[in-house]
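Coordinate inspection notes
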Amino acid sequence: MLTNNPHITPITADAPMKADTHGGRAKCLQRLVRMDLPVPATVALSFDAVHRIANGELPDIEKIVAQFPENALLCVRPSSQDPDWGGPGAILNIGMNDARFIEYSEALGRDASAALYTRFVEAYAVHVARLDPDMFDDITSDGANALSEALRAYEDEAEEAFPQDPAVQLSEVLRSMARAWEGTSARLLRQAKGAPADAGLGLVVQQMALGLGSSETETGSGVLQLVDPETGMPQITGRYLSQSQGRDALGEGAEALYLTQDDRGPSLEDTVPDVYAEIIAHARAMRRKLREEMQVEFTLQDGRVHILDGVRVPRSNRAALRIAVALAEDGIISKQEAVMRIEPRALSELLHRQIDPDAYRDVIGSGIAASPGAASGRIVFSAAAAQASASRGEPAILVRRETSPEDIRGMQVAAGVLTERGGMTSHAAVIGRGMGLPCVVGAARMSFNLRKKVIVSEDGRRYGEGDMITLDGAAGQVLDGAPPMREAALDEAFTKFMSWADAERDIAVRANADTLADAALAQRFKAEGIGLCRTEHMFFENERLTVMREMIFADSVQDRRAALDRLLPMQRQDFTELFRMMAGAPLTIRLFDPPLHEFLPHDKTGMRQLAEALDLPVSDVERRVESLAEYNPMLGLRGVRVGITVPEIYEMQARAIFEATLAVSTEQAPVVPEIMIPLVSARREVELVRMGLDAVAAAVRAEQGRDFTYHVGVMVETPRAALRAREIAAQCDFLSFGTNDLTQMTYGLSRDDAGRFMSDYVQRGVFEEDPFHVLDAEGVGELLEIGVARAREAKPQVLLSICGEHGGNPESIHICRELGFSYISCSPFRVPVARLAAAQCAIADKM
């Protein structure tokens, strides 16, 4: 007997087995046995037993066979710890041989018996003996003749007769499946699905319920589930096929019966209503007891129901959320468990359009999946062309070598953005995520010729301006044409689910938002304020860009102030509208950050146009543009350095902020702006800028005769700022860690160029993950830890946060909670992801 062997044991109610020793299928079958469901006799082999088989150490096969009725046919199915990791395909009808063919011919009929035997011969030949499957292509007859041809083909190819001993057959099937699991291809495939390299495989040996025969009662096999796998809505779905085995009913072209009554044809419910009702009852019992929506695999034999398996219903992400909500509302699981069941990143599918899962994908290129969602449009190669396309009502995909702030207007109207260069925190990626714009960056294996307005796919196909392509920003793929789409789905279930998540989380979530549209998105996704408003994007509108360039070309402080005075009412209106929209919620405004040369043209045409607008010789414009050029602009004259060397810019912005504050504030609802100084590395920088802000504030108070409050903080983006946080924190009210630049400077990596080699670094184990995508806990994380500790030494109540793109990354949020940050801030479309991830961290801490 096998009862004393925990590694090879009959599945009974009290057999010693767990999902992490025998696999999920074996454990599920045990639960079905405990529910007294009609499960055929089954023996489970543990991970250890299967590993031994792969190494040539077979168990006592005769003892396994002895667990089943004499002459029973068997099947072997994989039982991995996680069903998503896959495994070798099931082998049915083990034990079928010449003698049993005669026996089953008498019991089931000659054709049914021949079908059983033929199926086994073909499966054994291909998956166990590893013979060429083409050898069966010439079989054109049916029934016993087909069987004879299959046996003859096997013997010719294998140069031996088909094995007749059931024990030998079972031994070879077990050995083949065990070795297949431990092969290199299978290991790499399951690792790609998230399985560890040493993941184990269990096997279950089960008595066949045949599903074939000549009985007058209904016989066949099918699958049934209680929900729609795409929507998660209650709906009995599945298929049933008379005279079939296993999952034949799901095969292409199978003439399956409908399950429920249907005007289009006969159904299982019509044919055998009592049997149908029994299967439905089993499915509902499984949902209740297993606390999950289950797909029931069943066989009917002589009018009796046999439950062969129960697997978690395959589902889309939108269905998974709706199923979790329904299970919680029905009291089957808790709200906390419902929250824990949904992967935060899966929410992206609900927030954006997606390519229909059933659509054909003609992939022409790939890059970094920088901003989720899918979009189809005609190729354009400039922001102006994107705007022209939008004016005609035609969706466009903006193709650039890399984007810059000059492309903002085009990005705002484009359906998607494709760039040759860039990484997760490049300009296109960050702005794309903020806008909810599908974006693929770093598609370097495609060829980009912007001068000729042509891109070439990885397989050599050429695409010019006006050609239709599609971007899948979640998969990082570029596709030919316009495949069918699935629209975003923010329904009642989503709202309810997110309210449950909000009830659990203990860290606030704000949004990075630069415009009214961004702020509206932030409110739609329930952000608790704006944690980063990048003011420089406000200057790229056409009417403002010319004035900004006049300011840059000014030769004196007075001329600069005159140009900025023209920008002041525009900037004041920007802040007034944002304050009104946020209705008292926090708004953190980052002062001007980019290098001044980003506002200047870099081509001859642009310089001629600028010279004409400023009434200057072209040569003067060219010299000025050349003088402002920098070898490494991201480490040059930008951020606080601009604010100190050209203080008039920050003075104008401060006045605009303070005047907007008073315009919106009331005694009952005062506005308290949070002003953030970018790229600080020294205490004196903060002192100088703060003195300027205080002076402007005093002037505005005196002019308007009203008081107001504001907070001043620092964006910690340099390693030195983190190391000197003690003295910097003493000068300000809050610190917000800008981990995009902090990561760039800590690693010495250009975030725009790292995409060219990052995948190689990750694949070869240099980095575990792209540090611009997942916060580096060891390096950048230690700088955060040092900065937090030293800041709190100087000012225990200082407000701490993160406002880089890591703020929307679930793994990074865990670090922020551990450090005691007050809030995280991320792109609007990542706010729900952050809310869920923060809730899951809080729930996990309580478990």
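Everything here concerns the structure above.
A quick note: this is a predicted structure, and the numbers were derived from the prediction, not measured.

To continue, consider the nonpolar core. Ranked by internal contacts, the top residues of the largest apolar core, which has 126 residues, are F658 and L735. If you tally residues by element for this core, the top one is helix α25 (residues 647-664), at ten residues. Ignoring anything within four residues of it in the chain, the contact list for L735 reads V714, V716, A725, I728, A729, A791, V798, L799, L800 and S801. Core analysis: the next-biggest nonpolar cluster, separate from the first, contains 59 residues, L74, L116, V128 and M177 among them.

Time to look at the pairing of strand β15 (residues 416-419). Neither face of β15 is left uncovered, since the one carrying G416 and L418 and the one carrying V417 and T419 both have all their residues buried. Across four bridges, the pairing between strand β14 (residues 396-400) and β15 is parallel. Bridge pairing links L398 to V417 in β15. As a crossover connection, the stretch from β14 through helix α16 (residues 408-413) into β15 is right-handed. Here two bridges tie β15 to strand β16 (residues 439-441), and the two strands are oriented parallel to one another. In the sheet register, V417 faces β16, and the bridge partner there is C439. Between the parallel pair β15 and β16, the chain is carried across by helix α17 (residues 427-435), and the sense of this crossover is right-handed.

Let us now look at the packing of aromatic side chains. Counted according to the given criterion, the structure contains 18 aromatic pairs. Between F708 and Y710, the aromatic rings sit 6.0 Å apart at their centres with planes inclined by 40°, giving tilted as the arrangement. With respect to burial, F708 and Y710 carry one shared label: buried. Taken together, F101, Y117, F120, Y124, Y154 and F162 form an aromatic cluster joined through their ring pairs. A cation over a ring is seen here: R701 above F708, with NZ or CZ 4.6 Å from the ring centre.

Structurally, D142 can be placed in the loop between α6 (110-128) and α7 (143-158). The exposure class of D142 is exposed, given its relative accessible area of 64%. Here the alpha-carbon distance between D142 and E630, two residues 488 residues apart in the chain, equals 79 Å.

If you trace the three strands from one edge of the open sheet to the other, you get β17-β18-β19, paired in antiparallel fashion. At either end of the open sheet lies a strand with only one pairing partner, and these are β17 (447-449) and β19 (462-464). Averaged over all pairs of adjacent strands, the angle between strand axes in this sheet comes to 20°, irrespective of strand direction.

Moving on, we come to the side chain of T661. Position of T661 relative to the elements: it lies in helix α25. Relative accessible area serves as the criterion here: at 0%, T661 is assigned to the buried category. Only 2.7 Å separates the side chain of T661 from the backbone oxygen of I657, close enough to count as a polar contact. Discounting residues that sit within four places of it in the chain, T661 has contacts with F579, V671, P673 and F708.

Thresholds, definitions, all that
- Residues numbered from 1 in each chain as written.
- Predicted model: local features only at pLDDT ≥ 70, side-chain atom pairs only at ≥ 80, totals over all residues.
- Heavy atoms only, no water.
- Core = buried A, V, L, I, M, F, W, Y, C linked by side-chain atoms within 4.5 Å.
- Buried < 20%, exposed > 50% of the residue type's maximum accessible area, 1.4 Å probe, protein only.
- Helix = DSSP H or I, 4+ residues; strand = E, 2+ residues; numbered from the N terminus.
- Contact = heavy atoms within 4.5 Å.
- Pairing = 2+ DSSP bridges.
- Right-handed = clockwise from strand over helix to strand, strands pointing away.
- Phe/Tyr/Trp six-rings, centres within 6.5 Å; stacked < 30°, edge-to-face > 60°.
- Lys NZ or Arg CZ within 6 Å of the ring centre and 35° of its normal.
- Axes fitted to C-alpha atoms, helices over the stretch in contact; angles between N-to-C directions.
- Polar contact = N/O pair within 3.5 Å; in protein donor to acceptor, adjacent residues only side chain to side chain.

Nothing here speaks to function; it is geometry throughout.
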